[in-house]
Amino acid sequence: MNFFDRFAIPHPSPAIYASMVAIGLTVIAIIVGLTYFKKWGYLWREWLTTVDHKRIGIMYLISALLMLFRGGVDALMMRAQTAVPENALLDAQHYNEVFTTHGVVMIIFMAMPFIYALMNFVVPLQIGARDVAFPRLNALSFWLFFMGAMLFNISFVIGGSPDAGWTSYFPLAGNDFSQSVGTNYYMLSIQIAGIGTLISGINFITTILKMRAPGMTLMKMPMFTWTAFITNAIVVFAFPVLTIALLLGTMDRLFGTNFFTTTNGGMDMLWANLFWVWGHPEVYILILPAFGIYSEVISTFSRRNLYGYKSMVASIVIISFFSFLVWTHHFFTMGQGPLTNSIFSITTMAIAIPTGIKIFNWLLTMWKGKIKFTVPMLYAVGFIPIFTIGGVTGVMLGMASADYQYHNTMFLVAHFHYTIIPGVVFAMLAGLTYWWPKMFGFMLNERIGKWAFWFIAISFNVTFFPMFFTGLDGQARRMYTYSEATGFGPLNLISFVGAVGLAIGFALIVYNVYYSTRYASRNISSDPWDARSLEWATHSPVPSYNFAVTPKVNSIEAFWDAKKKNIPLFQGKIDKIHMPNNTGVPFIMSCIFFVWGFSFVFSLWIPAIITTIGIFVCMAHRSFEKDDGYYISVKDVEDTEKKLRGVS
Amino acid sequence: MSELFPRKQVMGFVFSLVLTAVALAVYFFDLSFAIAMTILLVTAFVQAAVQLVVFMHAGETGDKGSIYTNLFYAFAIALVTVFGTLLILIWDM
Amino acid sequence: MKIDHSLPLEYSTDQNKLNILGFWIFLGAEIMLFATLFATYFTLVDRMGSGPAGADIFEITPVLIETLVLLTSSFTIGLGVHAMRLGRKNAMLTFFAITLLLGLTFLGVEIYEFTHYVHIGAGLQTSAFTAILLTTLGTHGAHVTLGLFWGLFIILQVKKRGLTPENANKSFIFSLYWHFLDVVWIFIFSFVYLKGMM
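Not measured: the values here are computed from a predicted model.

A.B. asks: How should I be thinking about the overall build of chain A in this particular structure?
C.D. replies: In terms of helices and strands, chain A carries 21 helices and 2 strands. Projected onto the principal axes, the alpha-carbon positions of chain A cover approximately 70 × 60 × 50 Å. Considering chain A as a whole, with its 648 residues, one finds that 51% of them fall into the buried category. Partitioning the contacts of chain A with sequence separation of at least 6, the portion at a separation of at least 24 is 82%.

Here it is as structure tokens:
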């Protein structure tokens with residue numbers, strides 16, 4: 001039994017036991033369901049082995065929504081615990097586990113996959129391509145992310161959740177102060193998912209540089225594709241830093257090295273430094289695609305070209321470079337000298353300028369436009385003022401000497417939620433609603449969507465605005481409770497009420513998905529919003545080959561011109577279309593990675609060695625493999641086109 | 001036989017050997033820190049450039065704009081990371 | 001698959017061009033990977049705890065052998081790619097094989113170097129300095145090891161299937177990888193060893 005002791009939860013609670021049961025029952029239900037409905041073959045053929053960017057995008061989307069639920073439950077628990085002074089809902093250890101999980105899940109396993117879901121589905125369509133440059137690597141990217149997420153998510157029922165914050169600072173995250181395997185889970189699951197992201201970075205840059213439709217120069221690309229391009233460039237240069245940081249952290253915990261220890265020459269601040277060299281570009285990785293979505297939505301629903309295209313492009317390029325120059329603002333208070341803090345203060349304030357340019361360009365796009373307040377447009381219009389609050393409080397925090405007052409108080413928590421939620425989450429919801437008809441062939445219900453928006457937008461402010469005040473009053477971050485005498489009680493209670501409102505809002509979104517799936521008409525146009533870019537020139541649902549004939553483009557809004565000025569988009573005959581074959585290797589290799597990660601978490605060296613060899617065997621197999629794909633015949637393409645044109 | 005040993009590659013190899021020998025000067029002679037570091041920086045970056053341009057054919061195709069931009073960005077951010085880290089953790093502590 | 005016969009074989013199809021550009025982007029990421037290791041190295045280089053410093057343990061002879069061997073292997077693989085472009089399959093295979101043998105020699109010397117360091121008290125767990133030294137050298141060495149297997153697989157494929165657009169593409173990309181490892185070594189040679197022995 002001693003061997004199994006290591007898998008026990010160090011700090012169990014009824015909620016954790018209940019979750020173990022729930023997870024077990026869900027897994028059994030899934031297996032039984034698939035067997036009963038005889039869907040294993042379907043699952044393997046259509047989803048587990050797919051290399052189609054549209055399918056991969058949908059799998060990322062489902063994963064992101066599931067993780068949104070998990071991260072949201074964590075948030076509700078935290079707000080419930082801090083709603084009243086000296087509450088006993090979560091003890092300190094559990095509170096630490098919950099805020100750690102909340103941060104990692106929301107950033108790495110919810111926001112990133114949500115972004116990649118939309119980039120995967122939309123970018124190849126927006127540039128008139130049939131898929132990404134490396135479809136098999138694309139599948140590998142998804143499955144690595146998925147296995148990383150699964151590994152992280154079982155931590156709280158096997159071995160113990162990480163509890164050192166989503167930033168996992170040393171020496172707290174070292175063996176002396178975090179003895180459970182929780183931090184091992186942190187290091188390895190993020191490492192695995194991170195490899196997937198890096199591969200995607202390379203994939204999307206190559207795709208966007210080389211696979212655009214004829215006539216689509218870089219300066220004629222839609223703005224979402226531009227932001228996807230720049231975002232993936234940031235990924236390529238930022239994620240390797242995280243790879244090394246996690247490697248060194250893993251080595252300290254598993255192999256007794258002294259990178260971040262407090263003895264034998266180790267330097268704990270080095271972790272914080274390396275983490276944020278990655279961490280700051282990461283937040284721009286999150287926000288830039290969101291900006292791209294807003295550009296699409298605002299332009300479509302103002303029925304106008306995006307104002308200031310060139311300055312929009314320039315601003316995202318500048319932001320991408322500057323994002324690597326500001327990282328120290330995350331630890332102004334941690335001991336470096338005034339020269340350092342001054343330099344990084346200046347760069348931090350400077351990066352607000354290109355962002356400001358974008359806000360004005362969006363406003364000017366709406367000026368004199370014919371605005372239609374659809375659900376996506378509501379999120380976009382709500383984003384502008386609310387995000388601006390986040391942005392200006394960021395400039396406040398960027399002033400190093402003032403930051404000594406704000407750092408690690410609830411003021412900081414409010415700031416980053418005021419940028420991430422109206423920035424990233426609103427954009428994801430807007431993008432989801434906007435591109436949903438293209439993905440699934442029906443619209444999400446507008447009325448329910450609007451109720452959800454208002455619940456979310458208002459409740460968000462009710463939840464987080466009070467935190468600016470409690471933070472200035474001195475309430476620290478990551479504190480599981482406070483005494484009545486501090487006076488933090490009333491505002492924290494208001495935050496809790498807001499959190500409940502947010503939960504209702506997100507529940508309404510889930511209900512919308514169910515309701516619309518059940519009742520919405522499938523008889524809709526392939527361009528239901530009367531939009532401007534190439535993805536709307538395809539049929540709904542999109543056929544596997546995307547476009548029967550590759551479009552020829554000669555303006556920023558070739559599809560709009562095709563509709564309004566009768567300039568033809570698709571000239572030329574249909575030819576046989578080359579498609580890549582499905583493959584099971586990405587899924588299998590990722591399963592091996594899961595076991596590999598698990599083995600390292602628990603220091604199981606034999607399985608670790610075997611799975612390491614297994615990973616290399618998969619790579620060797622790929623090297624020797626000869627797979628030239630298959631062709632869709634001209635007749636099959638023509639038949640599909642006729643069928644889809646009949647429906648739409 | 002001589003078509004297998006193109007001039008550019010041979011010259012590049014010889015030049016790299018020369019640069020390596022020059023770098024060795026900091027080991028064999030007693031030089032000031034500033035001079036030694038300058039020699040190392042110059043020889044290392046020049047040899048890296050020789051590898052990239054002469055051996056790896058970085059400028060050979062229509063993608064050379066993308067390739068050079070990629071390399072420039074990578075080196076720029078690499079230098080920021082290295083020198084930024086040193087400033088934060090060593091020089092201005 | 002459309003083959004453009006006006007271009008070298010490794011560039012002659014659309015997928016080939018994508019593969020090569022994608023690999024260059026990957027090398028950009030690898031530059032950042034090694035940059036992070038270097039940043040960590042320079043931060044921890046003077047933090048030896050009670051263990052030895054670089055000047056105490058580095059020896060010029062094995063370092064020079066490693067450097068010359070790797071540099072020569074970079075030359076021979078360049079000759080291999082040139083032979084490939086001339087369509088000289090056997091010459092190409094010979095140069096590639098010599099490259100891998102030189103790589104194996106490099107690894108042999110490096111393994112000797114590591115065992116020597118451990119023997120004289122500069123192991124992975126000794127101090128922050130030894131940890132980052134061995135991790136940086138080890139990451140580079142692991143890349144070389146992977147390269148040896150990868151190169152071997154390519155040689156086997158070219159032997160078996162002849163010089164096709166796919167094989168030429170793989171061979172060229174492998175040469176990019178191998179050259180890049182030499183570029184990294186140039187910086188290791190200069191700023192780890194020579195700087196440490198100044």
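A.B. asks: Looking at this model, I keep getting lost on the overall build of chain C. Mind explaining?
C.D. replies: Helices and strands together make up the secondary structure of chain C, namely 6 helices and 0 strands. Projected onto its principal axes, the C-alpha coordinates of chain C cover approximately 65 × 30 × 25 Å. Within chain C, buried positions represent 56% of all 198 residues. Across chain C, every contact between residues at least 6 apart in sequence was considered, and the portion connecting residues at least 24 apart equals 77%.

A.B. asks: I would appreciate a short explanation of helix α19 (residues 585–601) of chain A in the present structure.
C.D. replies: Every α-helical turn comprises 3.6 residues, leaving residues that sit three or four positions apart pointing alike. Residue and element names in this part refer to chain A. Taking 1.5 Å per residue, 17 residues should reach 24 Å; α19 reaches 24 Å between its end C-alpha atoms and fits that length. Of all 17 residues that make up α19, 12 are buried, and the element is covered over most of its length. Listing the buried residues of α19 in full gives P586, F587, M589, S590, I592, F593, F594, W596, G597, F598, F600 and V601.

A.B. asks: Help me understand the interface of chain A and chain C in this model?
C.D. replies: Frequently, the measure chosen for interface size is the accessible area removed from exposure when the parts meet. Taken together, the contact pairs 30 residues of chain A with 27 residues of chain C. Elements represented by at least two residues in the side of chain A that touches chain C include exactly α7 (182–210), α8 (223–255), α9 (268–301) and α20 (605–624) of chain A. Top contributing element to the side of chain A that touches chain C by residue count: α8 of chain A, with 8 residues. A class-by-class count of the residues in the side of chain A that touches chain C yields 19 nonpolar, 10 polar and 1 charged.

A.B. asks: Sorry, what's going on with unusual backbone geometry here?
C.D. replies: When glycine is set aside, most residues are seen to have a negative phi, and most peptide bonds are trans. All names here are of chain A. For the bond from F170 to P171, the omega torsion is 0°, close enough to zero to count as cis. Note that P171 resides in the loop between α6 (135–153) and α7. With an omega of -5°, the peptide bond running from S540 to P541 counts as cis. Residue position: P541 is located in the loop between α17 (489–519) and α18 (558–564). Phi at E86 takes a positive value of approximately 50°, unusual for a residue other than glycine. Considering the arrangement of structural elements, one finds E86 in the loop between α4 (53–81) and α5 (92–126). Unusually for a residue other than glycine, D530 sits at a positive phi of about 55°. Looking at the element boundaries, D530 is found in the loop between α17 and α18.

A.B. asks: Just to check I follow, could you spell out the environment of A35 of chain C for this structure?
C.D. replies: Inspection of the secondary structure assignment puts A35 of chain C in helix α1 (residues 14–44). For A35 of chain C, a count of 25 C-beta atoms within 10 Å gives the class buried. Leaving out residues up to four positions away in the same chain, A35 of chain C has contacts with A78, T81 and V82 of chain B.

A.B. asks: What is the right way to read the nonpolar core from this model?
C.D. replies: The nonpolar side chains of a soluble globular protein tend to be buried, and buried together. Counting 280 residues, the largest nonpolar core has F237, A245 and Y294 of chain A together with M32 of chain C as its most contacted members. For this core, the two domains that each supply at least three residues are domain 1 (1–56) and domain 2 (61–93) of chain B. For F237 of chain A, the residues in contact, after removing those within four places along its chain, are Y73, A74 and I77 of chain B together with G28, A29 and M32 of chain C.

A.B. asks: Help me understand the packing of helix α13 (residues 375–397) of chain A against helix α15 (residues 410–440) of chain A, please; the structure alone is not making it clear to me.
C.D. replies: Helix-helix packing is described using two parameters, namely the angle between the two axes and the distance between the axes. Residue and element names in this part refer to chain A. Their axes nearest at 8 Å, the elements α13 and α15 cross at an angle of 160°. Judged by the angle between their axes, α13 and α15 are roughly antiparallel. For the crossing formed where α13 meets α15, the hand is left-handed. Looking at side-chain class alone, the contact of α13 with α15 contains 17 nonpolar, 9 polar and no charged residues.

A.B. asks: I tried to follow the interface of chain C and chain B on my own but got confused; where do I start?
C.D. replies: The interface is formed by 36 residues belonging to chain C together with 38 residues belonging to chain B. Those elements that provide at least two residues to the side of chain C that touches chain B are α1, α3 (60–85) and α6 (165–196) of chain C. A total of 12 residues in the side of chain C that touches chain B trace back to one element, the largest contributor, which is α1 of chain C. Residues of the side of chain C that touches chain B, tallied by class, amount to 25 nonpolar, 9 polar and 2 charged.

A.B. asks: What should I look at first to understand α15 of chain A in this one?
C.D. replies: Residue and element names in this part refer to chain A. Along α15, the largest kink reaches about 40° and is centred on Y434; proline P437 follows within four residues of it. Most of α15 is tucked away, with 27 of its 31 residues classed as buried. Positive phi appears at G441, one or two residues downstream of α15, with a value of about 85°.

A.B. asks: Where do I start with the environment of S155 of chain A in this structure?
C.D. replies: All names here are of chain A. By secondary structure assignment, the location of S155 is in the loop between α6 and α7. With 27 C-beta atoms counted inside 10 Å, the residue S155 sits in the buried group. Sequence separation between S155 and I458 is 303 residues; the distance between their C-alpha atoms is 34 Å. Among all residues touching S155, those that are not within four sequence positions of it are G160, S161, P162, G182 and Y185.

A.B. asks: Before we go on, may I ask you to explain the packing of α19 of chain A against α20 of chain A in this structure?
C.D. replies: Residues and elements named next belong to chain A. Axis separation between α19 and α20 bottoms out at 8 Å; the angle between their running directions is 160°. Taken together, α19 and α20 sit at an angle that is classed as roughly antiparallel. For the crossing formed where α19 meets α20, the hand is left-handed. In this structure, α19 contributes V585, I588, M589, I592, F593, V595, W596, S599 and F600 to the contact, and α20 contributes P607, A608, T611, T612, G614, I615, C618, H621 and R622.

A.B. asks: Is there a simple way to explain the confidence of the model for chain C in this structure?
C.D. replies: Close reading of the predicted structure is inappropriate where its pLDDT is low. Taken as a whole, chain C shows an average pLDDT of 95; of its residues, 99% reach a score of 70 or greater. Predicted complex metrics record ipTM = 0.96 and pTM = 0.96.

A.B. asks: How should the environment of L148 of chain C be read in this particular structure?
C.D. replies: As for its position among the elements, L148 of chain C is in helix α5 (residues 128–161). With residues near it in sequence (within four places) discarded, L148 of chain C still touches L100, G103 and L104 of chain C.

Cut-offs and rules
Residues numbered from 1 in each chain as written. Chains lettered and ligands numbered in written order. Predicted model: local features only at pLDDT ≥ 70, side-chain atom pairs only at ≥ 80, totals over all residues. Helix = DSSP H or I, 4+ residues; strand = E, 2+ residues; numbered from the N terminus. Buried ≥ 20, exposed ≤ 12 C-beta atoms within 10 Å, placed from the backbone. Contact = placed C-beta atoms within 7 Å. Expected span 1.5 Å × (residues − 1). Nonpolar A, V, L, I, M, F, W, Y, C, P; charged D, E, K, R; others polar. Core = buried A, V, L, I, M, F, W, Y, C linked by C-beta atoms within 7 Å. Domains from an automatic or database assignment. Axes fitted to C-alpha atoms, helices over the stretch in contact; angles between N-to-C directions. Parallel < 35°, antiparallel > 145°, perpendicular 65-115°, else oblique. Left-handed = near helix turned anticlockwise from the far one by under 90°. Bend = angle between axes of the 7 residues up to and from the residue. pLDDT = per-residue confidence, 0-100.

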